[in-house]
Amino acid sequence: MQSKGAIKVLAIVLALVCLYQLSFTLITRNVENKARDFSKGDEKKEKAYLDSMSSKGVYNLGIKDYTYMECKEREINLGLDLKGGMNVTMEVSVVDLIKSMANHSTDPTFVKALARAEEMQKNSQDNFVTLFGRAFKEADPNAKLAAVFNTVDLQNKITFNSTNDEVIKIIDEEAKSAISRSYNILRTRIDKFGVTQPNIQQLDNGRILIELPGVKEPDRVRKLLQGTAKLEFWETYNFGDVVNNLVSINKKLGAEAGLKKNGQATLPGDSSAVASNDTTATKDSTLANDTSKKNDLLGQMGKDTAKTDTSKQKTFEEYSKENPLFSSLIPADYQVQTQDQKKIVDESPVLGYALVKDTSKVNTFLSRADIAAMLPKNFRALWTVKPRQKDSQVLELIGIKVSSRNGEAPLDGKVITDAGKDVAQFKSSYEVSMAMNVEGAQIWKRLTKDNIGRSIAIVLDDAVYSFPTVQGEIAGGRSSITGNFDVKEADDLANLLKAGKLPAPARIIEEAVVGPSLGKEAIQNGLLSFVVALLIVLLYMIFYYNNAGVVADIAMFVNIFFIMGVLASLGAVLTLPGIAGIVLIIGLSVDANILIFERIREELREGKGIKLAVSDGYKHALSSIIDSNVTTLLLGIILYTFGSGPVQGFATTLIIGILCSLFSAIFISRLIFEWMLEKNKPIRFWNNFSKDAFKNININFVGRRKTYYILSSIIIVGGIISIVTKGWDYGVDFEGGRTYVVQFEKPVETNDLRTALTAPLGHAPDVKTFGTNNRYKITTTSHINENGEVADSKVAEEIYTGSKGFFSNNISIEDFKSKQIISSQKVGPTIADDVRQSAVFSILFGCALMFFYILIRFRKWQYGLGATIALLHDVLVVLSFYSIFNGILPFSLEINQDFIAAVLTVMGYSMTDTVVVFDRIREYLGIHPNMDHKTVINNALNATLSRTINTSLTIFFVLLAIFIFGGDVIRGFSFALLIGIVIGTYSSICIATPIVVDLDKKKEK
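Residues numbered from 1 in each chain as written. Predicted model: local features only at pLDDT ≥ 70, side-chain atom pairs only at ≥ 80, totals over all residues. Heavy atoms only, no water.

As a further point, take the overall build of the protein. The secondary structure content of the protein amounts to 33 helices and 27 strands. Of all 1005 residues assigned to the protein, the portion counted as buried reaches 54%. At a minimum sequence separation of 6, the contacts of the protein that also span at least 24 residues come to 74%. Here the protein has roughly 45,300 Å² of accessible surface; of this, 55% comes from carbon and sulfur atoms. (Helix = DSSP H or I, 4+ residues; strand = E, 2+ residues; numbered from the N terminus. Buried < 20%, exposed > 50% of the residue type's maximum accessible area, 1.4 Å probe, protein only. Contact = heavy atoms within 4.5 Å. Areas by Shrake-Rupley, 256 points an atom, 1.4 Å probe, with all protein chains shown as cover.)

See the structure below:
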């Protein structure tokens, strides 16, 4: 083998990288196990333990000491179906945005066009703005959009002379800007949840995908995500205004603990905090925002609270009891030593500093009625949105002054007409400029005049983003905020200011909630199926191929190790379909070894020595291995491109697995054989049972092709009749609707449950048993065209009303939602339409791609068309079986995204098998060009039969393990794969090749 040294180096480097990436998962699991042991089932204690470890070094590699949070960010991400949590797809309401841009115009053409565009969107892939432009033209070809959109806010962009195309272009730009701003706002809101490894992505179609693993309050999440962004400008209290109040509160809390007060509080140990405020000189209508660095308190506070020395820890505990407030909130004047420093601190709105994990404790203190009475009546405390320093965990507490009688901010975001970043005066940084409407300019002028020398806080969703100091009265409604911003910071603040004018709410159009119990069950089922499948493959390879099978098993273990390492390196999410993908890869990875071993066996039968047989076997099998894996890889890419959620998780694992299995089968196993040959170790590729297996088989596949055509036609025609008369069972992701998996105390009759739910829901829902006999899947279209958390809550309440009679105790609605609904899914009509179209397109595109690949690879259109017809045959047969057996088999056979993933996987396997067969036919025709083509083709088919049956049996038993042990979540998915593997094996030999024979019009000699 050439380049043996380079391959060894590459394998070692890849192994070390994978080991490094996987080590973080082992470290976090160890910390979490300790947290569980410490808490003894108390979730609050467990969370507190992990919070305390978040900033501590738990993994030292010599180069760097990684904290628990840093390790957590690098571990293998588990999907929501394994971990539990919430997955939502949000869409900015462009309809509301357009209405607002038109100042809620009542123009009949405008109103009619909006209604028509909403109707068109249900069955179109075009964006809403394009559909609106088309609908407006249909409503009145002579109407001008400029007449509707020439408002005060848009007067600088749209004039009465603007064409309809120009107006549509501006609306489209505003819509894209609104989506971008919504993305930034949602990302900030998600940070407040304290969720580990959240995922938020801005999708190509203008939607926003959010994954929140581990969340247990979906109602709260819906409310926070769908709430309209609230941008406000507040006057502030300075530290000097309320410092005495804070000291009094601290003393009162200490007195409650029955401890003696010792005057001004100080922290034990050597900690430091340098106070700062936002006061830098500016000119005229300029706000200043100081970005001077302060020491990160996280390190100091972490040291004090985490020392292993018992006496020092006791000292801190005593201090905490004496100073309940100041042990969590370090006052801003801490370490102040000079009068100048004191003056700066006293004039700053920063009241103190606290670790993120301690903010809730401070909030609890300040929210008490008796404590609030000790502060000014119009006082309010808000935290900064994020730490000043990147690696810090310290937030600042800002004193807000509520000066209006109604408790509202003196100025809010709706007055902002524009905002953007500009290069600062000295061009070393950026500043943010903003413009206001006439009303806002007047309020801003008064507000800045009254607060010269004081700070004004810019607040979004009750989090302080900035608190610049006013240097002078600002007239005209135009001003700038300086603060040594970099490009990203300036962009973020500009987007924040513009968000205040965002009238379009972000709504959840697709949602999936998985309870932690269901996630734990999925992990157990997935691991069990994985172990069983692994054992089946290991034993089968050794049983059939003797000690060469051991080499294949070693290569397979290396392959799995590489797959997991690459998943961790890329930050990919491992889902339940992803585990199914790994299990399937176990089967597919041995296919390459089987191809190689069968060729080596042929070489040995011809009398070649073991060394030459191994070399020629690898050489002759390489073409088939590359072709078969490339086709599967292409279909994996299609799955990833057009799929979403679980389908993408499956595709990611499949793509990574194919690449890793190629490397392991071709190079790792070859290196082992080379080593065995060098050491004169015996290598055996058969035993007494398998030595002559499939040797004398001579089936006339080509001659019986009409029989195969008739058999396939009967199945497909029967399927078509079933589809027409019976139809399919569509999942919610194809039709739209809501699905709830509800667990009852004991089994109930599905008809009784359906009847009980009909009245509150307004229609008869679909009710099926899901897994255990006391768990039911309820699907309804109730309120599906309504948006917002109100509609979501209504449906949950309706399900509760109809099903509460089946519980022995009077269960409350809160307990029903949190404990009995173990998972839920919502898919809006527009999402369902997109899923249907992308499913059909992905299958057709996959067939077309396979045709062109075969055409290019084999240079005969007959091969490409034969393979494509075989693919369509496989799809139709699987669809037929799903219709025929729906309602007969005791598990769900829904047509959903998972089913499409299964169909595409079947297409990949079928194409793999077909390519191997075609490759052998091409080889035999090249060797025997003058023989009868049908005879040559039959000989080629029989020669590949051992490989085909061995691979098919291996993968079949692997899939059977997934089907039996993988759980109900993927049972329908694995059933489609089981059917597909059988049909794909059959079609590659009995359909694809005979069609090539019939299509070849050449006269045979």
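We now examine the pattern of salt bridges. For the structure shown, the criterion picks out 29 salt bridges. The salt bridge involving Lys252 is made with Asp370; its shortest N-O contact spans 3.8 Å. Of this pair, Lys252 sits in helix α11 (residues 239–256) while Asp370 is found in helix α16 (residues 369–372), placing the two residues 118 residues apart along the sequence. On the basis of relative accessible area, Lys252 is assigned to the partly exposed category, the value being 28%. Residue Lys608 pairs with Asp616 through a salt bridge whose shortest N-O separation is 2.7 Å. Using a relative accessible area of 8% as the deciding quantity, one classes Asp616 as buried. (Salt bridge = Lys/Arg side-chain N within 4 Å of Asp/Glu carboxyl O.)

Another aspect to go through is helix α2 (residues 43–53). Considered for burial, the residues of α2 that qualify are Tyr49, Leu50 and Met53. Here the buried residues of α2 occupy an arc of 95° about the axis, which is enough to place them on one side. Summarising the geometry of α2, the exposed residues directed more than 90 degrees from the buried face are Lys44 and Lys47. (Arc of directions from axis to C-beta.)

Grouped together as the largest cluster of nonpolar side chains are 134 residues, with contacts concentrated most on Phe597, Phe673, Phe685, Ile854, Phe899, Met907 and Phe918. A total of 18 residues in this core trace back to one element, the largest contributor, which is helix α19 (residues 516–570). The residues touching Phe597, leaving out its near neighbours within four places in the chain, are Met541, Tyr545, Ala548, Gly549, Ala552, Phe673 and Phe685. Residues Met101, Phe110, Leu154 and Ala175 belong to the second largest nonpolar core, which totals 32 residues. (Core = buried A, V, L, I, M, F, W, Y, C linked by side-chain atoms within 4.5 Å.)

This prediction gives the protein a mean pLDDT of 78; 84% of its residues lie at or above 70. Scored below 50 in pLDDT, residues 259–314 shows 135 contacts in the model against residues more than four places distant or in partner chains. (pLDDT = per-residue confidence, 0-100.)

This part is about unusual backbone geometry. The residue Asn546 is not glycine, and still its phi comes out positive at about 60°. Summarising the element assignment, Asn546 is placed in helix α19. A positive phi angle, close to 60°, is found at Asn680, a residue other than glycine. By the secondary structure assignment, Asn680 is in the loop between α22 (646–678) and α23 (705–725).

Time to look at the packing of helix α5 (residues 94–101) against helix α7 (residues 128–139). Their axes nearest at 10 Å, the elements α5 and α7 cross at an angle of 55°. Put simply, α5 runs oblique to α7. Our pair here, α5 against α7, has a crossing hand that is right-handed. In this structure, α5 uses Val94, Val95 and Ile98 to contact α7, whose residues at the interface are Phe128, Val129 and Phe132. (Axes fitted to C-alpha atoms, helices over the stretch in contact; angles between N-to-C directions. Parallel < 35°, antiparallel > 145°, perpendicular 65-115°, else oblique. Left-handed = near helix turned anticlockwise from the far one by under 90°.)

Counted by the stated rule, this structure contains 33 aromatic pairs. On the basis of an interplanar angle of 75° and a centroid distance of 5.3 Å, the ring pair of Phe851 and Phe852 is categorised as edge-to-face. Put simply, the rings of Tyr540, Tyr544, Tyr545, Phe597, Tyr618, Phe673 and Phe685 pair up and form one aromatic cluster. Here Arg74 stacks its cationic end above the ring of Phe24, 5.7 Å away from the centre of that ring. (Phe/Tyr/Trp six-rings, centres within 6.5 Å; stacked < 30°, edge-to-face > 60°. Lys NZ or Arg CZ within 6 Å of the ring centre and 35° of its normal.)

Right, let's talk about the environment of Phe770 for a bit. Mapped onto the elements, Phe770 comes out in the loop between β24 (766–769) and β25 (775–780). With 28 residues separating them along the chain, Phe770 and Val742 place their C-alpha atoms 8.9 Å apart.

Looking now at the state of the cysteines. With the rule as written, the count across this model stands at zero disulfides. Free of any disulfide, Cys18 has its nearest cysteine sulfur in Cys660, 7.0 Å distant. (Disulfide = S-S within 2.5 Å.)

So, about the side chain of Arg601. Summarising the element assignment, Arg601 is placed in helix α20 (residues 576–605). Residue classification places Arg601 among the buried positions, given a relative accessible area of 0%. Polar side-chain contacts of Arg601 include one of 2.9 Å to the backbone oxygen of Phe685. Not counting chain neighbours up to four residues away, the residues in contact with Arg601 comprise Tyr544, Tyr545, Phe685, Trp686, Ser690 and Lys691. (Polar contact = N/O pair within 3.5 Å; in protein donor to acceptor, adjacent residues only side chain to side chain.)

Let us look at the packing of helix α29 (residues 861–884) against helix α33 (residues 971–999). Running from N to C, α29 and α33 point in directions that differ by 145°, and their axes come no closer than 7 Å. You can see that α29 and α33 cross each other, and the crossing is right-handed. Residue composition of the contact of α29 with α33, by class: 20 nonpolar, seven polar and one charged. (Nonpolar A, V, L, I, M, F, W, Y, C, P; charged D, E, K, R; others polar.)

Next up on the list: the environment of Lys611. For Lys611, the position within the fold is in helix α21 (residues 610–642). Residue class for Lys611 comes out exposed when judged on its relative accessible area of 59%. Sequence spacing of Lys611 and Leu677 is 66 residues, and the spatial spacing of their C-alpha atoms is 7.1 Å.

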